[in-house]
Amino acid sequence: NAGVMQNPRHLVRRRGQEARLRCSPMKGHSHVYWYRQLPEEGLKFMVYLQKENIIDESGMPKERFSAEFPKEGPSILRIQQVVRGDSAAYFCASSPGQIEETQYFGPGTRLLVL
Amino acid sequence: AQRVTQPEKLLSVFKGAPVELKCNYSYSGSPELFWYVQYSRQRLQLLLRHISRESIKGFTADLNKGETSFHLKKPFAQEEDSAMYYCALSRSGGSNYKLTFGKGTLLTVNP
């Protein structure tokens, strides 16, 4: 089992561009979580998805950010019109279920906005 | 609101010395506490959780509800313990998937 995969590992964007971050959960996992880690900060929960459903997006900024987990393919975190403050590490985690299940983390995507 | 505080950004000890990484939390309900570790060039991984009461790689952590602490301890540190350690909290029961992390402590074990 290759574990949670994220790509790209590093992403550079100019202000105003779009950033698309991909996450493939571990085999057999149907629950995906996205976290953001700003410089010098801890990871902060953004969104929790199951296949084709957003379960909890309480940690997502109200504008420019969206997430999906389609029936086929990876989960996508999309940031439109990026600003310098979006520069951060974005981590994806997955679990087989929800209740008291360990979350397995991917290696993260480091986004740098110039 | 839930919050996790790790007061030490950096901690340096010598091999064989005891180590304690501090974690304090604030949460009005009944929390579940975790320690995650990230070794150099590796991904974040779960080290231990308080409900399992396990000792992993010689590390233990006891939940002290009176002091709202969940300090991580090891009696004899090893060089391979050098890593970034994050304390995390979630609520027990519903919405327990939402982890809140501290800022982390970078542990360096010197030979």
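Details of the structure are given in the entry above.
A short tour of the structure in this document, coming up. (Residues numbered from 1 in each chain as written. Chains lettered and ligands numbered in written order. Predicted model: local features only at pLDDT ≥ 70, side-chain atom pairs only at ≥ 80, totals over all residues. Heavy atoms only, no water.)

1. Digging into the overall build of chain B
A tally of helices and strands in chain B yields 0 helices and 11 strands. Its helices and strands taken in sequence order, chain B reads β-β-β-β-β-β-β-β-β-β-β from the N to the C terminus. Considered along the principal axes of its C-alpha atoms, chain B spans approximately 45 × 30 × 25 Å. Per-residue burial over chain B gives 44% buried out of 111 residues. A fraction of 58% describes how many contacts in chain B between residues 6 or more apart in sequence connect residues 24 or more apart. Taken as a whole, chain B presents about 5700 Å² of accessible surface, with 50% of it coming from carbon and sulfur. Taking the average place of the 15 positive charges on the side chains of chain B and the average place of its 9 negative ones, the gap between the two points comes to 8 Å. (Helix = DSSP H or I, 4+ residues; strand = E, 2+ residues; numbered from the N terminus. Buried < 20%, exposed > 50% of the residue type's maximum accessible area, 1.4 Å probe, protein only. Contact = heavy atoms within 4.5 Å. Areas by Shrake-Rupley, 256 points an atom, 1.4 Å probe, with all protein chains shown as cover. Lys, Arg positive; Asp, Glu negative; His and termini not counted. Charge placed at Lys NZ, Arg CZ, Asp CG, Glu CD.)

2. Digging into the sheet that holds strand β7 (residues 65-68) of chain A
All names here are of chain A. With antiparallel pairing, 4 strands are arranged side by side in an open sheet as β1-β3-β8-β7. Every interior strand has two partners, whereas the edge strands, β1 (5-7) and β7, have only one. Adjacent strand axes in the sheet meet at a mean angle of 15°, parallel and antiparallel pairs treated alike. Relative to strand β8 (residues 75-79), strand β3 (residues 19-24) is paired through 5 bridges, and the arrangement is antiparallel. Across the sheet, the residue bridging to Arg-20 is Arg-78, located in β8. (Pairing = 2+ DSSP bridges. Axes fitted to C-alpha atoms, helices over the stretch in contact; angles between N-to-C directions.)

3. Observations concerning the pattern of salt bridges
Residues and elements named next belong to chain A. Tallying each qualifying case throughout the model produces 11 salt bridges over all chains. Of the charged contacts, one joins Arg-20 and Glu-18 as a salt bridge, the two residues approaching to 2.9 Å between their closest N and O atoms. Judged by relative accessible area, which is 29%, Glu-18 ranks as partly exposed. Between Lys-44 and Glu-41 there is a salt bridge, with its nearest N and O atoms 3.8 Å apart. Overlapping salt bridges bring together Glu-18, Arg-20 and Arg-78 as one network. (Salt bridge = Lys/Arg side-chain N within 4 Å of Asp/Glu carboxyl O.)

4. Concerning the packing of aromatic side chains
All told, the structure shown has 13 aromatic pairs over all chains when counted by the stated rule. Measuring from ring centre to ring centre gives 6.0 Å for Phe-105 of chain A and Phe-101 of chain B, while their planes differ by 85°; the resulting arrangement is edge-to-face. Note that Phe-105 of chain A is positioned in strand β10 (residues 104-105) and Phe-101 of chain B in strand β10 (residues 100-101), a pairing that runs across two chains. Assessed through its relative accessible area of 4%, Phe-101 of chain B is described here as buried. Considering the side-chain rings of Tyr-36 of chain B and Phe-101 of chain B, the 5.5 Å spacing of their centres and the 55° angle between planes classify their relative orientation as tilted. With Tyr-36 of chain B in strand β5 (residues 31-38) and Phe-101 of chain B in strand β10, the pair connects residues that are 65 residues apart, well separated along the chain. (Phe/Tyr/Trp six-rings, centres within 6.5 Å; stacked < 30°, edge-to-face > 60°.)

5. With respect to the sheet that holds strand β8 (residues 72-74) of chain B
Residue and element names in this part refer to chain B. Taken in spatial order, the 3 strands make up an open sheet running β3-β8-β7, and their pairing is antiparallel. Only two strands of the sheet have a single partner each, and these edge strands are β3 (19-21) and β7 (60-61). In this structure, β7 lies alongside β8, joined through 2 bridges in antiparallel fashion. Following the sheet pairing, Ala-61 is matched in β8 by Leu-72.

6. Focus: the interface of chain B and chain A
At the junction of the two partners, chain B supplies 16 residues and chain A supplies 23 residues. Between chain B and chain A, roughly 1800 Å² of surface is buried when both sides are summed, and carbon and sulfur atoms account for 49% of that area. Inspection of the chain B/chain A interface yields 3 salt bridges. Ionic pairing is found between Glu-41 of chain A and Lys-103 of chain B, a salt bridge with its closest N-O pair at 3.6 Å. Here chain B is connected to chain A by 10 residue pairs in polar contact (both at pLDDT 80 or more). Looking at the side of chain B that touches chain A, its residues break down into 8 nonpolar, 3 polar and 5 charged. (Buried area = accessible area lost by both parts, 1.4 Å probe. Polar contact = N/O pair within 3.5 Å; in protein donor to acceptor, adjacent residues only side chain to side chain. Nonpolar A, V, L, I, M, F, W, Y, C, P; charged D, E, K, R; others polar.)

7. Details of the environment of Arg-13 of chain A
Residue and element names in this part refer to chain A. When you line up the elements, Arg-13 lands in strand β2 (residues 10-13). For Arg-13, a relative accessible area of 26% puts it in the partly exposed group. On a C-alpha basis, the gap between Arg-13 and Leu-111 in space is 7.6 Å, while along the polypeptide they are 98 residues apart. Those residues within four positions of Arg-13 in sequence are excluded, and the remaining contacts are Glu-18, Ala-19, Val-82, Leu-111, Leu-112, Val-113 and Leu-114. A polar contact is formed between the side chain of Arg-13 and the backbone oxygen of Glu-18, at a distance of 2.8 Å.

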